[in-house]
Amino acid sequence: MRQVVIGSRESKLAVTQSEMVKAYIVEHVRDIQVDILTMKTTGDKILDKTLDKIGGKGLFVKELDRALLDKKSDISVHSLKDMPMEVPEELPLVAFSKREDPRDVLVLPQGKTELDPTKPIGCSSQRRILQLKELYPDAVCKSVRGNVQTRLAKLDSGEYSALILAAAGLKRLGLEERISRYFEPEEMIPAAGQGILAVQGRAGEDVSYLDGFQDEKAYYAAVGERAFVRYLDGGCSSPIAAHGIVEDEEMTLMGLYYEEDTGNHKKGSIKGAKQEAENLGIALAKQLREACRKDGGRR
């Protein structure tokens, strides 16, 4: 019997997501045993600093990458939005899941129906903060780290008036009832890859047990979104966002670009054939960067 070991972060959400991949493999492949190997990543250990201060998204994958390279695991399951834009050639992304709800959401303390203006909104992402300020100009944001349950506990204990979280994580954890308000992508463009699970493997290895797991719409959306962010060199600290919607053969890609030197930022969109996803991402990135530079020149 073949054995497959899935590498996963220790958080309840990460394990739940790995269980989703495990369930798919077990259901669709005969004579296979699938186990999950959990580990705490550097990003999970350092909770008193924002990600841009401690090294960005790579801190959530370093230990999982090492387990793959050492052959302690065969594949890793990640939230695609947590993946660095540059992925090692020897550890390619081999499948993208069907996308869960990609939107960001507002979560209020239990029993509350509106924001408390005397308390900050818990939000660590510069991307979210920038767009939140357009919706709630008077809002004060304060960093919040930790897994979903830890953040909710801080919210319910009175530290924050609300949290901004990803709908996908809450839904996968069965916590959809905590959502007070959805932000449509036009209001708050999600992080590239939000709602998509990425399966990472070793180059040259047989991953035929994942045949059929990959979702075509999610694949093209991911390629376009990540091309947009990669072209602009957007790391964890950069308020850069991209969201692709694939319908039939066409993709619409929305993007947010922020120019740190001037504070200018632009949103825009582009349409084209889904097979051109990477080129669409690069074209939109160039378009928004040029628009920001023109604005800067007029000041």
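Quick caveat: nothing in here was measured; it's all calculated off a predicted structure.

Rules of the game
- Residues numbered from 1 in each chain as written.
- Predicted model: local features only at pLDDT ≥ 70, side-chain atom pairs only at ≥ 80, totals over all residues.
- Heavy atoms only, no water.
- Helix = DSSP H or I, 4+ residues; strand = E, 2+ residues; numbered from the N terminus.
- Buried < 20%, exposed > 50% of the residue type's maximum accessible area, 1.4 Å probe, protein only.
- Contact = heavy atoms within 4.5 Å.
- Areas by Shrake-Rupley, 256 points an atom, 1.4 Å probe, with all protein chains shown as cover.
- Lys, Arg positive; Asp, Glu negative; His and termini not counted.
- Charge placed at Lys NZ, Arg CZ, Asp CG, Glu CD.
- Polar contact = N/O pair within 3.5 Å; in protein donor to acceptor, adjacent residues only side chain to side chain.
- Phe/Tyr/Trp six-rings, centres within 6.5 Å; stacked < 30°, edge-to-face > 60°.
- Salt bridge = Lys/Arg side-chain N within 4 Å of Asp/Glu carboxyl O.
- Pairing = 2+ DSSP bridges.
- Axes fitted to C-alpha atoms, helices over the stretch in contact; angles between N-to-C directions.
- Arc of directions from axis to C-beta.
- Disulfide = S-S within 2.5 Å.

Q: Can you lay out the overall build of the chain for me, pointing to particular residues and giving the numbers?
A: A tally of regular secondary structure across the chain gives nine helices and 13 strands. Based on the C-alpha atoms only, the size of the chain along its principal axes is roughly 65 × 45 × 35 Å. Looking at the chain as a whole, 50% of its 299 residues qualify as buried. Within the chain, contacts between residues separated by at least 24 positions form 70% of all contacts whose residues are at least 6 apart in sequence. When the accessible surface of the chain is summed, it comes to about 14,200 Å², and 46% of that surface belongs to carbon and sulfur atoms. The distance from the centre of the 45 positive side-chain charges to the centre of the 48 negative ones in the chain is 4 Å.

Q: Describe the side chain of Arg178, with residues and values.
A: Assignment of secondary structure puts Arg178 in the loop between α7 (167-172) and β9 (179-183). One polar contact links the side chain of Arg178 to the main-chain carbonyl oxygen of Leu108, over a distance of 3.0 Å. When neighbours within four sequence positions are excluded, Arg178 is seen to be in contact with Leu106, Val107, Leu108, Pro109, Gln110, Leu152, Leu155 and Asp156.

Q: Which residues make up the packing of aromatic side chains, and what values go with them?
A: In total, this model carries three aromatic pairs according to the counting rule given. Between Tyr219 and Tyr220 the ring centres are 5.2 Å apart and the planes differ by 65°, which places this aromatic pair in the edge-to-face class. Taking the relative accessible area as the measure of exposure, Tyr220 reaches 16% and is therefore buried.

Q: Account for the pattern of salt bridges, naming residues and giving values.
A: As enumerated under the stated definition, the model contains 19 salt bridges in all. Salt bridges sharing common partners tie together Asp101, Arg103, Lys171, Glu176 and Glu184.

Q: Kindly report on the sheet that holds strand β6 (residues 121-122), identifying the contributing residues and their values.
A: Strands belonging to one sheet form pairs held by backbone hydrogen bonds; the direction of such a pair is parallel or antiparallel. The sheet built from five strands is open, its strands ordered β7-β6-β8-β5-β9 with mixed pairing. Looking at which strands have only one partner, the edges of the open sheet turn out to be β7 (141-142) and β9. As judged from the four bridges shared by strand β5 (residues 104-107) and strand β8 (residues 162-166), these two strands associate in the antiparallel manner. Bridge assignment links Asp104 to a residue of β8, and that residue is Ala166. Contacts between helix α5 (residues 126-135) and the sheet are confined to β5, β6, β7, β8 and β9, with β8 contributing the most and set at about 125° to the helix. Seen against the sheet, helix α6 (residues 148-156) touches β5 and β8 and runs at an angle of roughly 160° to β8.

Q: Help me get a handle on the pairing of strand β3 (residues 75-79), residues and values and all.
A: Within β3, five of the five residues are buried, leaving the element largely enclosed by the surrounding structure. Across the two faces of β3 the burial is the same, with Ile75, Val77 and Ser79 and Ser76 and His78 all buried. In this sheet, β3 lies alongside strand β1 (residues 2-9) in parallel orientation, the contact comprising two bridges. The residue of β3 that forms the bridge with Ile6 is Ile75. Taken together, the four bridges between β3 and strand β10 (residues 197-200) define a ladder with antiparallel strand orientation. Across the sheet, residue Val77 finds its bridge partner in β10, namely Val199.

Q: How would you explain unusual backbone geometry if you had to name every residue and give the values?
A: Leaving glycine aside, a negative phi is the common case for residues, and trans is the common case for peptide bonds. The backbone of Asp31 shows a phi angle near 50°, a positive value even though the residue is not glycine. Topologically, Asp31 is positioned in the loop between α1 (12-28) and β2 (32-39). At Asp248, a position not held by glycine, the phi torsion is positive, near 55°. Here Asp248 lies in the loop between β11 (241-247) and β12 (250-258). Owing to a relative accessible area of 67%, Asp248 belongs among the exposed residues under this scheme.

Q: Could you give me a rundown of α6, with the residues and numbers involved?
A: Looking only at α6, the buried set comprises Val148, Arg151, Leu152 and Leu155. Along the axis of α6, the buried positions cluster into a sector of 100°, meaning they face one direction only. Lining the buried residues of α6 we find α1, β5, β8 and α7. Of the residues flanking the start of α6, the one acting as N-cap is Asn147, its side-chain oxygen 3.1 Å from the backbone nitrogen of Gln149. Gly158 sits one or two positions beyond α6 and adopts a positive phi of about 105°.

Q: Residues and numbers for the state of the cysteines, please.
A: Across all of its chains, the model carries zero disulfides by this definition. Free of any disulfide, Cys141 has its nearest cysteine sulfur in Cys123, 5.2 Å distant. On the basis of relative accessibility, which here comes to 22%, the residue Cys141 falls in the partly exposed class.

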